[in-house]
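Descriptive structure summary
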Amino acid sequence: MIETRLIPRTSSAYSPPLLVSTLLKQTDRYNPHREIVYRNLFRMNYHEFNKRVRRLANLFTKLDIRPGDMVGVMDWDSHRYLECFFGIPSYGAILHTINVRLSPAQILYTINHAEDKVIFLHEDFIPIIEAIRDKITTVKTFVILSDKVYTEPKEDLAVASFPTAGEYEALIAQESDQYEFPEFDENTWATTFYTTGTTGDPKGVYFSHRQLFLHTMGLVSYFCGYRALPFTEQDVYMPITPLFHVHAWGFPFVATLLNNKQVYPGRYEPEMLLKLLLQEKVTLSHCVPTILNMLVSSPVATKVDLSNWKVIIGGSALTSGLAEAASALGITVTAGYGMSETAPIMSVAHLSETEQTLPLDEQLQYRIKAGRVAPFVDLRVMDDEGYFLPHDGLSVGEIVGRGPWMTQGYFKDPENSEKLWKHGWLHTGDVGHIDDKYYLTISDRAKDVIKTGGEWICSLDIENLISQVEGVGEVAVVGVPHVRWGERPYALVVAKASHVNNLTAEAISENLRQQVQEGGINKWYVPDHIVLVNEIPKTSVGKIDKKKIRNDLKGQIQG
């Protein structure tokens, strides 16, 4: 950095730090009468929310939680989780959002590696903790979270075989709603969670108050300002991405800042999701393609009005087939791109004024892209030697990035931290290109590109083509070894419920061969094997698990 002249500052001048509590302070000012809803069990307005967060902070003192301590949360998406999103970091402690969909061994690893001191534990997950309790090294106590306390008549709580501090509602009810959150350095560690890669143990990423504050402002700029997908303070927000997954993409912070009505669905059950969607008049959600596909495939979806629902898709590519199915129901769908290490937003589909005048089918071709580079983010295309490639929409390389909210490393893992930030740019491991309009197209994960006969094939391209075949619900394509060609594409396909008995592999293959004849694709894009299956393996956050697919197919060398 160059030497510059800093502004003079009088000794009495005040420069407030950018903290999560700064976001919280705004919520008593603007439309505090709006509600935060948990399933059909609990409602409160923002005045009550603020009081409950302060009661929670007072409870931390009773639990001997100190600034800098790690506090884990194992809960379904709830108002309690939202209170922890604000209460734990604002207190000066660190919020560890524990991925409850990991295996017990992985959950144990993340708890011990993060050095959790207290865990807020939904009673549904008591059996997991009981199975690993004797191997947990740092946790001093647990606070039990229960939905039963909201029902009438109240049911008995699940009983744990290990000591607990008590039940959440009973504990915070005993605390004062008066608490002044302290000020501290904005670079203070605020949150952590663990991302599972292709090899080794889960890796811990971490974010500061400043990073979360700026990420929130970045989302406000892009969605409320540039209107990538119009988001206003009047929207009704319901996440369908687990809150343990990358701060549920940062939207709970934005929705709370703007005093949006918020709806938290708890455990994801199709009937409950659709009920809340309609009953609470939800207008904005985000999810992985698997969840959207589940909802649009529901028989109920064709019988209700979904025309006011806007959905941001991330985690995996949004295929043309799924985008068309959602649009046919009146849903406005838009893709975005990010990763755990980037907090996560790096790009979101954004239609220019000209593109917004296009017919809907042409607009969808823009909406399924990874999007335009987000405000305050710098994305580049880098070759294997570390040199940048032009943004010409043709030059393909690894996508690397910089931005004010990207993790600065992996917790207790200096070697992989340096690999992540090689050449001073965060390496995504994704292959793609950027055009002169700042539109990003992801070709594939580096490990998912298929090289056949010396030609590179993008598995996402094949998935996109197959997704448009009538009757296809889900599709995943991986490369498998081939004696002659090195690799060949192998496709797994799940039929829609309405086409289970009439969709065939031959029909899909014939559709692709027709596109070859018409010059749309090269003949080597047609998979040698198209297999109809009941389900496709998914990761703990609902993404298609290509690692498991490849492992399941290991040893199947084609000749």
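Parameters at a glance
Residues numbered from 1 in each chain as written. Predicted model: local features only at pLDDT ≥ 70, side-chain atom pairs only at ≥ 80, totals over all residues. Heavy atoms only, no water. 1 Å grid on protein atoms, 1.4 Å probe; cavity = no way out; pocket = protein on both sides within 12 Å on 5 of 7 lines; lining within 4 Å. Points joined across faces, edges and corners; volume = space filled by probe spheres on them. Helix = DSSP H or I, 4+ residues; strand = E, 2+ residues; numbered from the N terminus. Nonpolar A, V, L, I, M, F, W, Y, C, P; charged D, E, K, R; others polar. Core = buried A, V, L, I, M, F, W, Y, C linked by side-chain atoms within 4.5 Å. Buried < 20%, exposed > 50% of the residue type's maximum accessible area, 1.4 Å probe, protein only. Contact = heavy atoms within 4.5 Å. Axes fitted to C-alpha atoms, helices over the stretch in contact; angles between N-to-C directions. Parallel < 35°, antiparallel > 145°, perpendicular 65-115°, else oblique. Left-handed = near helix turned anticlockwise from the far one by under 90°. Salt bridge = Lys/Arg side-chain N within 4 Å of Asp/Glu carboxyl O.

Turning next to the layout of surface pockets. There is about 310 Å³ of room inside the second largest pocket. Considering the residues around the second largest pocket, the lining is formed by 14 residues, among which Thr290, Asn293, Met294, Glu474 and Val494 are closest to the centre. Counting residues per element, the lining of the second largest pocket draws most heavily on helix α10 (residues 289-296), at four residues. Grouping the constituent residues of the lining of the second largest pocket by class yields five nonpolar, five polar and four charged.

Core analysis: the biggest nonpolar cluster contains 110 residues, and Phe49, Met74, Phe86, Phe120, Leu121, Ile129 and Phe223 have the highest contact counts within it. The residues touching Met74, leaving out its near neighbours within four places in the chain, are Ile98, Val100, Ile107, Ile119, Phe120, Leu121, His122, Phe125, Ile129 and Leu145. Core analysis: the second largest hydrophobic core is formed by 33 residues, Val263, Tyr268, Leu306 and Leu329 among them.

Relative placement of two packed helices is described by the angle separating their axes and the distance separating the axes. Two elements in contact, helix α11 (residues 320-328) and helix α12 (residues 360-367), have axes separated by 10 Å at closest approach and are oriented at 130 degrees. Relative to α12, the element α11 is oriented oblique. Crossing of α11 against α12: the hand is right-handed. Contacts from Ser320, Ala323, Glu324 and Ser327 of α11 reach α12 at Leu360, Leu364 and Gln365. Of the residues in the contact of α11 with α12, the class split is three nonpolar, three polar and one charged.

Looking now at the environment of Lys437. Locating Lys437 in the fold gives a position in the loop between β20 (426-434) and β21 (439-445). In sequence terms Lys437 and Tyr490 are 53 residues apart; their C-alpha atoms lie 34 Å from each other.

Looking now at empty space enclosed by the protein. Applying the stated criterion to the full structure yields two cavities of 30 Å³ or more. As a volume, the largest cavity reaches approximately 60 Å³. In terms of lining, the largest cavity is formed by Asp75, Trp76, Asp77, Val100, Arg101, Pro242, Phe244, Gly266, Arg267 and Tyr268. By residue class, the composition of the lining of the largest cavity is five nonpolar, one polar and four charged. If you add up the space inside the second largest cavity, you get close to 40 Å³. Taken together, His96, Thr97, Ile98, Asn99, Leu102, Thr110, Phe193, Tyr194 and Phe244 form the lining of the second largest cavity. Secondary structure elements with two or more residues in the lining of the second largest cavity: β4 (94-97) and β8 (189-195).

Moving on, we come to the pattern of salt bridges. Evaluation of the coordinates by the stated rule reveals 27 salt bridges. Salt-bridge contacts for Asp177 lead to Arg55; the nearest nitrogen and oxygen are separated by 3.9 Å. A residue pair is termed long-range when its members are at least 10 positions apart, and Asp177 in the loop between α6 (168-173) and β8 and Arg55 in helix α2 (residues 46-62) qualify at 122 residues. Put simply, Glu506 and Arg513 hold a salt bridge, and the shortest N to O gap is 2.4 Å. By relative accessible area, which is 47% here, Glu506 ends up partly exposed. You can call Arg513 partly exposed: its relative accessible area is 31%. Because the salt bridges share partners, they merge into one network encompassing Glu35, Arg43, Lys261 and Glu280.

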